[in-house]
Every structure is written in C-alpha cells, then in structure tokens.
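Structural overview for review
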Amino acid sequence: MKITKSLVAFTIALSSTCSAFLPSSSNFHSPNTRFSTAVKSTVLPIPTKDVLKKMQPELDENDLYLDGPNNEVPKAGEVMKMLPAETWNIDTPTSLFYFGIDFLAVAATMGFLNTVVTSELYHSSPIFLQGMMAAPLQVMAGFAMWCMWCIGHDAGHSVVSKSKRVNRIVGEIAHSMICLTPFKPWAKSHRKHHLGHNHLTRDYSHQWFIREESDSLHPLIKLSHKTRNLQLPILYFVYLFLGVPDGGHVLFYGRMWEGESNKEKINSLASVGVSVATAATLWYNMGLADFTVVCMIPWCIMSFWLFMVTYLQHHSEDGKLYTDDTYTFEKGAFETVDRNYGKWINRMSHHMMDGHVIHHLFFERVPHYRLEDATKALVHGMEARGQGHLYKHIDTPNFTQEIIKQFDENWFFVNEDQVVRK
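Residues numbered from 1 in each chain as written. Predicted model: local features only at pLDDT ≥ 70, side-chain atom pairs only at ≥ 80, totals over all residues. Heavy atoms only, no water.

**Focus: the overall build of the chain**
Across its full length, the chain holds 17 helices and six strands. Looking at the chain residue by residue over its 422 residues, the buried ones come to 43%. Sequence-distant contacts, at least 24 apart, represent 73% of the contacts inside the chain between residues at least 6 apart. For the chain, the exposed area adds up to about 23,200 Å²; of that, 62% sits on carbon and sulfur atoms. (Helix = DSSP H or I, 4+ residues; strand = E, 2+ residues; numbered from the N terminus. Buried < 20%, exposed > 50% of the residue type's maximum accessible area, 1.4 Å probe, protein only. Contact = heavy atoms within 4.5 Å. Areas by Shrake-Rupley, 256 points an atom, 1.4 Å probe, with all protein chains shown as cover.)

Dropping the structure here:
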C-alpha cells in the first residue's frame, strides 16, 4: 500500500512538471489512472531589446573596474597592515654599513681612474686610446656615485638613522661632497615631489605638459622639446643649477623658495658651500683637464642613472595624473612604477627601481634595505584583496634603450585622457 501511494505521488509530480510546457489553457488528465489534476503553466513574455538595455546597460572597455570596489586604491593605513613588522625598523649600523661599502666603491673606482689618468702611459697615448683607457673606469665610477647618491637619498628622507645629526652628516658626505648635490636644497624640493606625486601642477621634479596643448607652449619650452635627445646627460645639471622646473638648488630662486625663512635659506646655504668647496678644491689640485675626466664625466654618468631611474618610475603607458578635484596621496603613490633592471643592479642601487611604490607610500618610514620584503608583502596583500591590477610593475632589462625610446617619444608630455579631472 505504501509503495502504491509513493508511485501515485511520483506520477502526479511528474505530470505537473510536464504540464508546465503545455499551453496555458490545457487541462491535464490521465486516462490510465483514477487520479487527475489541472495545472496551468507560467509563460513569461520575451523581453524586447529596449527592456534588455534597461536591465543591463551596454559596457565598453573603460567600464572594466571603473568605480568598482576593486579600483579604489587602499589607504596607507590599510597597506601598513599588509607589511612585515620589521619594515619600519630603521637600524643605524645597517645603514652605515651600506654607506661604508658605497664610500669604498667610489674611492676605489675614482682613485684607480685618477691613477690611470695621471700616468705617463696615459699622457703619452693618442687621444682615442686615452678615451678607451678611461671610459670603462668612468662608467664604473659613475655607477658607484649613483649608488652613493641612493644612500644620500635615504638620508634626505631621515631613514639612515633616527638621529637628525647622523642623517645630516651622511647626507652632506654622500650628496654635497661626493655627488656635488647640495643636500638640504635637494631634500627640500624632493620632499615636495613626494607630497604631490603625480599631481598635474603640484608635483616637483617632474614637469607635465598636455600633448594636445603643445602648440600653445612657450617658445623656449618648444625648443627644449626639439633638442630633447641632446639633453639626457645634462638634465640633472639643468635641474640643480638652472632650477628647471622647481627652482635653484645653488642659487635660491623659484617656487620652492617662496615664503621660506632666512633661517631655512642659511641652513641650505651650508650644503651649497660644501659642494662648491669640494668642487673648487678638486679643480684647483687636479687641474681642469683631470678634474673633468676623473670627476665630471663620472658625475654625468651618475646624472644619467638618476634621471633614467626617476623618469621611468613615473612614466608608463597607462599612468594617470590628478587635479585638485581628484587627487589623493594614495592615488599618486600607486601611479608610481616598480621596474626590474636585473637582480644585482637592483640590489647595488638599493632597490631604488624595484621598491619605489612602497617608498612613495612611506617615504619617511622605510629604509632601502626593507623595501624588497615590503614590496613582496604589498604584492601578496593586493592580490589577496583582488587588487593586484593596481600595482604597477614592468620588467626593464634594456633600461638604456627604454629611456632613450620613451624620452624621445613622450618627453614630458601626457595625453589629456591620462588626466583624471572628475
């Protein structure tokens, strides 16, 4: 009896299901059983094209991630939670160890270069042979100076030590003396760059021009654009001494000095005095020719490294700039690009290239020897949030070709559609 009832119930259910596909006016009746039921099917109207558009608007490629939760960059406090606890540990002995290594590298390469340049063999050789003898050593000395510049960069951000005095001493030696970069004026303008990174008008160190407005630029700026490929070795000189675009770092004028107190200017003037005294002493004792070959050509190579790394950190095909209406500190930081130049170049350059996003997020908190691990943690944390696409990383093994190509094609231009205005 129980089996019979189960079969009946199953038959009724199956019949009801099948009737849903019959016209709504049909009545179902099974002639082979004593049971019958009438079931009306539900037939939904086929939606028209206009209805579909209201239900699901058409999307284009620009709607991907647009204004969605995954496209909102995390706040600095949220990023801090992703990073290891030791990220914030500024260890003075470790910092001074790296400073000492780079000091020895500069002393060794420049000392060897000076020995070669002042030798009888060098002076008795034809000019082209002198160039072949000096060039490899100049490249090595210039790179060593660049590595030392990175240590001075840490001092400028007060992350060599928690002691202001130690940071000042290291900065004056690394920047003002060895790299002939007045430490305090440079640190001043560089901090302003960090506070306005990727802002269309407030950014320092970088000048931005809208490509579509190029016809209205000042004639001198147009001339600079036309001669851009000749400027790469001297752009750092133009930045420091001629004050383009921020203001002078040797002679105090321009926007970076507006409203500054005399006390601040005197403090900065001390760094200028160290740089000028160092250059004058070397020039006097070495003579113009040897000073140029041993000091200034390596300085130009250091300058090329500095400009190349800085430019490529802040220029990418999908990079964005912001205005007062759209800018936040975190948005600007996440437009910074980490680039991989190769394992050993990254390390010898103190992760200036491949740890720059973290550096821009916490520029006065994280020393260079914490950047690698912090960056790995950032990548992992962003991927865990479903926001890995917001972190910019580009492998750049052919970095010299890349800077020449990018600077020739783009200079300091950005397209209007790269500017987020609302």
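**Concerning the pattern of salt bridges**
Under the counting rule described, the total for this entry stands at 11 salt bridges. Ionic pairing is found between Glu409 and Lys405, a salt bridge with its closest N-O pair at 3.5 Å. With Glu409 and Lys405 both in helix H17 (residues 399-410) and four residues apart, the pair spans about one turn of that helix. Overall, Lys405 belongs to the partly exposed group, its relative accessible area being 40%. Here Glu416 and Arg421 are joined by a salt bridge, their closest N and O atoms 2.7 Å apart. Residue Glu416 is classed as partly exposed on the basis of its relative accessible area, which comes to 27%. (Salt bridge = Lys/Arg side-chain N within 4 Å of Asp/Glu carboxyl O.)

**Some remarks on the packing of helix H6 (residues 127-156) against helix H7 (residues 164-178)**
It is at 8 Å that the axes of H6 and H7 come closest, and there the two elements cross at 145°. Classified by chirality, the crossing of H7 by H6 is left-handed. On the side of H6, the interface is formed by Met145, Met148, Trp149, Ile151, Gly152, His153 and Ala155, while H7 contributes Asn167, Val170, Gly171, Ala174, His175 and Ile178. (Axes fitted to C-alpha atoms, helices over the stretch in contact; angles between N-to-C directions. Left-handed = near helix turned anticlockwise from the far one by under 90°.)

**Some details on unusual backbone geometry**
The amide bond that connects Val244 to the next residue, Pro245, takes the cis arrangement and shows omega of 10°. Following the sequence through the fold, Pro245 ends up in the loop between helix H10 (235-242) and helix H11 (262-286). Positive phi outside glycine occurs at Ser158, with the angle close to 65°. Examined against the element boundaries, Ser158 turns out to sit in the loop between H6 and H7. One non-glycine residue, Trp411, lies in positive phi territory at about 50°.

**Description of the side chain of Asn198**
Along the chain, the position of Asn198 falls in the loop between helix H8 (183-195) and strand S1 (209-210). Among the polar contacts made by the side chain of Asn198, one reaches the main-chain carbonyl oxygen of Lys320 at a distance of 3.0 Å. If we ignore the near neighbours within four places in the chain, the residues touching Asn198 are Asp203, His314, Lys320, Leu321, Tyr322, Tyr327, Gly332 and Glu335. (Polar contact = N/O pair within 3.5 Å; in protein donor to acceptor, adjacent residues only side chain to side chain.)

**Quick notes on the packing of H7 against H8**
How two helices pack is summed up by the angle between their axes together with the distance between the axes. At their nearest, the axes of H7 and H8 sit 9 Å apart, and the two run at 100° to each other. By the angle class used here, H7 and H8 are roughly perpendicular. Counted together, Asn167, Arg168, Gly171, Glu172, His175 and Ser176 of H7 and Phe183, Lys184 and Trp186 of H8 form the full contact between these two elements. (Parallel < 35°, antiparallel > 145°, perpendicular 65-115°, else oblique.)

**A short note on the packing of aromatic side chains**
Per the counting criterion, the structure on display carries 25 aromatic pairs. With centroids separated by 4.8 Å and ring planes inclined at 15°, the aromatic side chains of Tyr341 and Phe399 adopt a geometry described as stacked. With a gap of 58 residues between them, Tyr341 in the loop between strand S3 (338-340) and helix H14 (343-348) and Phe399 in helix H17 connect regions that are remote in the sequence. Considered together, Tyr341 and Phe399 belong to a single accessibility category, that of buried residues. (Phe/Tyr/Trp six-rings, centres within 6.5 Å; stacked < 30°, edge-to-face > 60°.)

**Overview of the state of the cysteines**
Counting across every chain of the model gives zero disulfides. This cysteine, Cys147, is not joined by any disulfide, and Cys150 carries the nearest cysteine sulfur, 6.2 Å off. (Disulfide = S-S within 2.5 Å.)

**Details of the nonpolar core**
In this structure, Trp146, Trp149, Tyr236 and Trp305 are the most contacted members of the largest nonpolar core, which totals 59 residues. Counting residues per element, this core draws most heavily on helix H12 (residues 288-313), at 14 residues. Here Trp146 is in contact with Met302, Trp305, Leu306, Val309, Ser349, Met352 and Met353, once residues within four sequence places are set aside. Core analysis: the second largest hydrophobic core is formed by 20 residues, Val73, Trp88, Phe334 and Leu378 among them. (Core = buried A, V, L, I, M, F, W, Y, C linked by side-chain atoms within 4.5 Å.)

**Here's the deal with H11**
Its 25 residues give H11 an end-to-end C-alpha distance of 36 Å, which sits within 8% of 36 Å, the value for a rise of 1.5 Å per residue. All buried positions along H11 are accounted for by Ser268, Ser271, Val272, Ser275 and Thr278. The inward-facing, buried residues of H11 abut H7 and H8. Immediately beyond the C-terminal end of H11, within one or two residues, lies Gly287, with a positive phi of roughly 85°. (Expected span 1.5 Å × (residues − 1).)

**Considerations on the confidence of the model for the chain**
The predicted model of the chain has a mean per-residue pLDDT of 88, with 84% of residues at 70 or higher. Segment residues 1-42: pLDDT under 50, and 18 contacts once partners within four positions in sequence are set aside and those in other chains are kept. Taken together, the stretch residues 61-67 has pLDDT below 50 and engages in four contacts with residues farther than four places along the chain or on a different chain. (pLDDT = per-residue confidence, 0-100.)

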